[in-house]
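Chain and residue survey
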Amino acid sequence: MAVTLVLEDGTGLTTANSYVNATKADAIVCVNPTAYAAWTALTPAEMDTYLVWASNWLDDYIDWKGYKTVPASGMRWPRCGVYDRDSILIPEDVIPEQLKQAVAETAVWLIGNQAAASGGTSDNLPEGIKRVKADVVEIEFFDNAAADSKRGSNLLPDNISFLVRALGKPIVGRTRFVNAVR
């Protein structure tokens, strides 16, 4: 089934499913030759699919600042009370350029990402864990943190987290639990 991209224009469309269309994504991605090659290898229908997926991915993994201005809108933007990275208040009927850039870059990232292809799971273990054994539950931690090469989260790349940091906080990452000693 083909995806029909419905662009959020800042009015809070109930049917909106993307913050960026393929034309805008082309203009954003063209400055990165590697990303642009992967992007232009897609058909127009595939581009729309990836842009819808990327928009929803960001809505799922970013705790956006401010408040949604249209409760019934299909997306989590437009919002009020949000400032851009230059501390300028974003008008309530505007989808910020930083968000559009993040969507375009996320779409390209989703093309070949293992965690994305698996529906948000990864074979990377949480930070510090070397091995997990399921039968008679056993978790082995690295002796020192330097041995652990799994830093950050591969569910949202650092460059995209950086792009949206003024707009919201990534809610993905690594969580560690320890036993409470009384």
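See the structure above.
What comes next is a walk through the structure. These numbers come from a predicted model, not from an experiment.

Turning to the packing of aromatic side chains, a few remarks are in order. Under the criterion given, the structure shown has 5 aromatic pairs. Here W53 and W57 contribute two aromatic rings whose centre-to-centre distance is 6.1 Å and whose plane-to-plane angle is 80°, an arrangement assigned as edge-to-face. With W53 and W57 both in helix α3 (residues 44-61) and 4 residues apart, this pair spans about one turn of that helix. When its relative accessible area of 29% is taken as the criterion, W53 is described as partly exposed. Since its relative accessible area comes to 5%, W57 is described here as buried. Here W57 and Y61 contribute two aromatic rings whose centre-to-centre distance is 4.9 Å and whose plane-to-plane angle is 50°, an arrangement assigned as tilted. In this pair, W57 and Y61 are both assigned in helix α3, 4 residues apart and thus about one turn of the helix distant. One exposure class covers both W57 and Y61, and it is buried. One aromatic cluster is present, built from ring pairs that chain together Y50, W53, W57, Y61 and W109.

Membership of the largest hydrophobic core comes to 39 residues, with the highest contact counts inside it found for W39, L51, L58, W77 and L99. Those elements giving two or more residues to this core turn out to be α1 (22-29), α2 (33-40), α3, β1 (62-64), α4 (97-112) and α6 (158-164). If near-sequence neighbours (up to four positions away) are discounted, L51 is found in contact with L5, S18, V20, N21, A22, A25, W39, V103, A104 and A107.

Another aspect to go through is the side chain of S161. Mapped onto the secondary structure, S161 falls in helix α6. The exposure class of S161 is buried, given its relative accessible area of 16%.

Conventions and cut-offs
Residues numbered from 1 in each chain as written. Predicted model: local features only at pLDDT ≥ 70, side-chain atom pairs only at ≥ 80, totals over all residues. Heavy atoms only, no water. Phe/Tyr/Trp six-rings, centres within 6.5 Å; stacked < 30°, edge-to-face > 60°. Helix = DSSP H or I, 4+ residues; strand = E, 2+ residues; numbered from the N terminus. Buried < 20%, exposed > 50% of the residue type's maximum accessible area, 1.4 Å probe, protein only. Core = buried A, V, L, I, M, F, W, Y, C linked by side-chain atoms within 4.5 Å. Contact = heavy atoms within 4.5 Å.

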